[in-house]
Amino acid sequence: MLDPQLLRAELQNTADKLAQRGYPLDTVQWEQLEVSRKNIQIETEALQSQRTKISKSIGQAKAKGEDIQPLLDQVANMGEKLEQSKDLLKSTLAKMEEVTLYTPNLADDSVPVGVDEDDNVKVSTWGEPKVFDFKVKDHVELGDIKQGLDAESAANLSGSRFTLLSGEMAQLHRALAQFMLDKHTREHGYKEYYVPYMVNAETMQGSGQLPKFSDDAFITEDDRYLIPTAEVPLTNLVADTIIDESDLPIKMTAHTPCFRREAGSYGKDTKGMIRQHQFDKVEMVQIVHPEHSSEALEEMTSHAEAILQALELPYRKIILCTGDMGFSASKTYDLEVWLPAQDTYREISSCSNCTDFQARRMQARFRATNVKKPQLVHTLNGSGLAVGRTLIAVMENYQNDDGSISVPKVLQTYMGGKTLLNQG
RNA sequence: GGAGAGAUGGCAGAGCGGUUGAAUGCACUGGUCUUGAAAACCAGCAUACGUUAAUAGCGUAUCCAGGGUUCGAAUCCCUGUCUCUCCGCCA
């Protein structure tokens, strides 16, 4: 949610900024709502105040044994009037909430203005794509040779967009997740969490997945949601809390499966395990002082980069333009890893500063020692990294002529000392 | 799954349907006292929204949540959620 003050004091300016994100805000409708809200609320609270006063005097009169009938007459028709006024206020506020809950965060001033992914801007590249002296295979082909990546069995078990890994491939997948967690907890200062994979609607709303994107999530029969990312449970850990300033920043990480409906992506990335209903991810979340969120985003992105660098996977870092950013984000860096078989870079991490957008929805605040009033924290999240896609990247970048796959140095201890995968 | 108990401020814990935003204790903050500390004593100590130049006043809301009864609800009724105890089942 945006700061309601922005919608009052700087409505046009805010609407212009939202337009850059491709979100049209009906300012005329909003202003009308705001005017009626003000009148109705003042009216309602005045009525409430009057009635409370009379009700109290009834109590006092009764205690003294006085006749209360005149007072009862006075208050007789107030109830109905108050009810009407309350209902009107309620429906007006609901209309306003309908707008605010569906309105995305404002982009940071440093974000390039643009329409879609074509307007994203490259920030930097790292590493040189390896030159192969043989025809490279993609991960599907490599997985087939090794018999470790089994789309057919997964389809039989569950349907499309699922993957089954076995043998060394399953081990490598596990090794990657372990390695990432170790790196973040031992070197980057994150605390490890094991979190629920299902959350309630309130939690989904806190981090911005609901109500707007309900089609993207799996919902259970008892109205719980399968998490689309560990960002949801981790970030909401501070919902409805007031944190002591000295406890900031809070840095959390978790390795979880992520579940996404991928509604509307029919036909996209249908081959292989690029886009799945279920995939593993190691997620980083930071809860920080508002003054430090910009630098925290840089830091967190570097933590994701450190994984790619340790794995010696070439990648580039891009900044998403206003039109391509996610709903809650104010600024987002994507890391794209080199996939030789596709001869291109593909997203493997996304790191965002959500400023106070999620914090306001969740009521996540901190209290500074010198300021009496609790203030909203800033929240950040980033993939560090998507495990399935990292597996693909390792497979394709570390492939050999005979279809075997070399094990990246940093993973060898996690793989029982193996340096080459060819056993299936 | 069956039976029962409960949910009140940071914590503990009162609260006959009326002047209760809510006793009391602890914690916390400031002060007095003290060489210093402790103890003792005094004072203060919620949040959100609205109005407003105001983090001043004033108003409204909040005793798990949502409905209801009533002139008036922390207190009565209904529904839901969560917690605890016992039985059953179970990784």
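See above for the structure.
A brief report on the enclosed structure follows. (Residues numbered from 1 in each chain as written. Chains lettered and ligands numbered in written order. Predicted model: local features only at pLDDT ≥ 70, side-chain atom pairs only at ≥ 80, totals over all residues. Heavy atoms only, no water.)

**Side note on the layout of surface pockets**
Here is step 1: For the second largest pocket, the calculated volume is near 340 Å³.
Here is step 2: For the second largest pocket, the lining is made up of 16 residues, of which Met1, Pro4, Met96, Glu97 and Thr100 are closest to its centre.
Here is step 3: Looking at the lining of the second largest pocket, the elements with two or more residues in it are α1 (4–9), α3 (27–64) and α5 (78–102).
Here is step 4: Residues belonging to the lining of the second largest pocket are distributed by class as follows: eight nonpolar, three polar and five charged. (1 Å grid on protein atoms, 1.4 Å probe; cavity = no way out; pocket = protein on both sides within 12 Å on 5 of 7 lines; lining within 4 Å. Points joined across faces, edges and corners; volume = space filled by probe spheres on them. Helix = DSSP H or I, 4+ residues; strand = E, 2+ residues; numbered from the N terminus. Nonpolar A, V, L, I, M, F, W, Y, C, P; charged D, E, K, R; others polar.)

**What about helix α6 (residues 139–146)?**
Here is step 1: Listed as buried for α6 are His139, Leu142, Gly143 and Lys146. Viewed along the axis of α6, the buried residues span an arc of 100°, placing them on a single side of the element.
Here is step 2: Measuring from the backbone nitrogen of Val140 back to the side-chain oxygen at the start of α6 gives 3.1 Å, which picks out Asp138 as the cap.
Here is step 3: Positioned one or two residues after α6, Gln147 has a phi angle of 60°, which is positive. (Buried < 20%, exposed > 50% of the residue type's maximum accessible area, 1.4 Å probe, protein only. Arc of directions from axis to C-beta. Polar contact = N/O pair within 3.5 Å; in protein donor to acceptor, adjacent residues only side chain to side chain.)

**With respect to the packing of α3 against α5**
Here is step 1: At a minimum axis distance of 9 Å, the contact between α3 and α5 shows a crossing angle of 145°. Both α3 and α5 take part in a crossing whose hand is left-handed.
Here is step 2: Of the residues in the contact of α3 with α5, the class split is twelve nonpolar, nine polar and seven charged. (Axes fitted to C-alpha atoms, helices over the stretch in contact; angles between N-to-C directions. Left-handed = near helix turned anticlockwise from the far one by under 90°.)

**A word on helix α13 (residues 387–397)**
Here is step 1: α13 sits mainly inside the fold: eleven of its eleven residues count as buried.
Here is step 2: Regarding α13, the residues found buried are Val387, Gly388, Arg389, Thr390, Leu391, Ile392, Ala393, Val394, Met395, Glu396 and Asn397.

**Remarks on unusual backbone geometry**
Here is step 1: Of note, the amide linkage connecting Leu248 to Pro249 takes the cis form, showing an omega dihedral of -5°.
Here is step 2: Of note, Pro249 is situated in the loop between β7 (241–244) and β8 (250–259).
Here is step 3: Of note, the bond from Gly384 into Leu385 is cis; its omega dihedral lies within 30 degrees of zero at 5°.
Here is step 4: Within the secondary structure layout, Leu385 lies in strand β15 (residues 378–386).
Here is step 5: Even without a glycine there, the phi angle at Arg161 is positive, about 65°.
Here is step 6: For Gln363, which is not glycine, the phi dihedral falls at a positive 55°.

**So, the pattern of salt bridges**
Here is step 1: Here the structure, examined in full by the defined rule, presents 18 salt bridges.
Here is step 2: Its salt-bridge partner being Arg8, residue Glu34 comes within 2.8 Å of it at the nearest N-O pair. Of this pair, Glu34 sits in helix α3 while Arg8 sits in helix α1, and the two are 26 residues apart along the sequence.
Here is step 3: For Glu34, a relative accessible area of 16% puts it in the buried group.
Here is step 4: Salt-bridge contacts for Lys409 lead to Glu312; the nearest nitrogen and oxygen are separated by 3.4 Å. Here Lys409, found in the loop between β16 (405–406) and β17 (420–421), pairs with Glu312, found in the loop between α11 (293–310) and β10 (315–319); they are 97 residues apart in sequence, far enough to count as distant. (Salt bridge = Lys/Arg side-chain N within 4 Å of Asp/Glu carboxyl O.)

**Structural notes on the protein's contact with RNA strand B**
Here is step 1: Surrounding RNA strand B, one finds 21 residues, the nearest of these being Arg8, Arg37, Ser55, Lys62 and Arg365.
Here is step 2: Among all atoms of RNA strand B positioned within 4 Å of the protein, those belonging to sugar or phosphate total 68%.
Here is step 3: One of the side-chain N or O atoms of Ser49 is found 3.1 Å from a phosphate oxygen in RNA strand B.
Here is step 4: Arg365 has a polar side-chain atom sitting 2.8 Å from a phosphate oxygen of RNA strand B.
Here is step 5: Elements that contribute at least two residues to the surface near RNA strand B include exactly α3, α4 (69–75) and β13 (364–367).
Here is step 6: For the surface near RNA strand B, the element with the most residues is α3, which contributes 13 residues.
Here is step 7: Residue classes in the surface near RNA strand B are distributed as four nonpolar, six polar and eleven charged. (Near = heavy atom within 4 Å.)

**Things to note about the sheet that holds β15**
Each strand in a sheet pairs with its neighbour through backbone hydrogen bonds, running either in the same direction (parallel) or in the opposite one (antiparallel).
Here is step 1: Within the open sheet, the eight strands sit side by side as β1-β10-β11-β12-β15-β9-β8-β4. Their pairing is mixed. A strand with exactly one partner marks an edge of an open sheet, and here the two such strands are β1 (121–126) and β4 (191–193). Between one strand and the next, the sheet's axes are offset by a mean angle of 25°, whatever the strand orientation.
Here is step 2: Where β10 lies against strand β11 (residues 331–339), five bridges are found, and the strand directions are antiparallel. Following the sheet pairing, Arg316 is matched in β11 by Glu336.
Here is step 3: The strands touched by α13 are β9 (278–288), β11, β12 (344–353) and β15; relative to β15, the strand with the most contacts, the crossing angle is about 35°. (Pairing = 2+ DSSP bridges. Contact = heavy atoms within 4.5 Å.)

**Quick word on the packing of aromatic side chains**
Here is step 1: Scanning the model with the defined rule gives seven aromatic pairs in all.
Here is step 2: Aromatic side chains Trp126 and Tyr315 sit 5.7 Å apart centroid to centroid with 20° between the ring planes, which places their arrangement in the stacked category. Here Trp126 is found in strand β1, whereas its partner Tyr315 is found in strand β10, with 189 residues between them in sequence.
Here is step 3: On the basis of relative accessibility, which here comes to 30%, the residue Trp126 falls in the partly exposed class.
Here is step 4: Within the aromatic cluster, the residues linked to one another by ring pairs are Phe213, Phe327 and Phe357.
Here is step 5: Here the guanidinium or amino end of Lys317 rests over the ring plane of Tyr333, the centre of that ring lying 4.3 Å away. (Phe/Tyr/Trp six-rings, centres within 6.5 Å; stacked < 30°, edge-to-face > 60°. Lys NZ or Arg CZ within 6 Å of the ring centre and 35° of its normal.)

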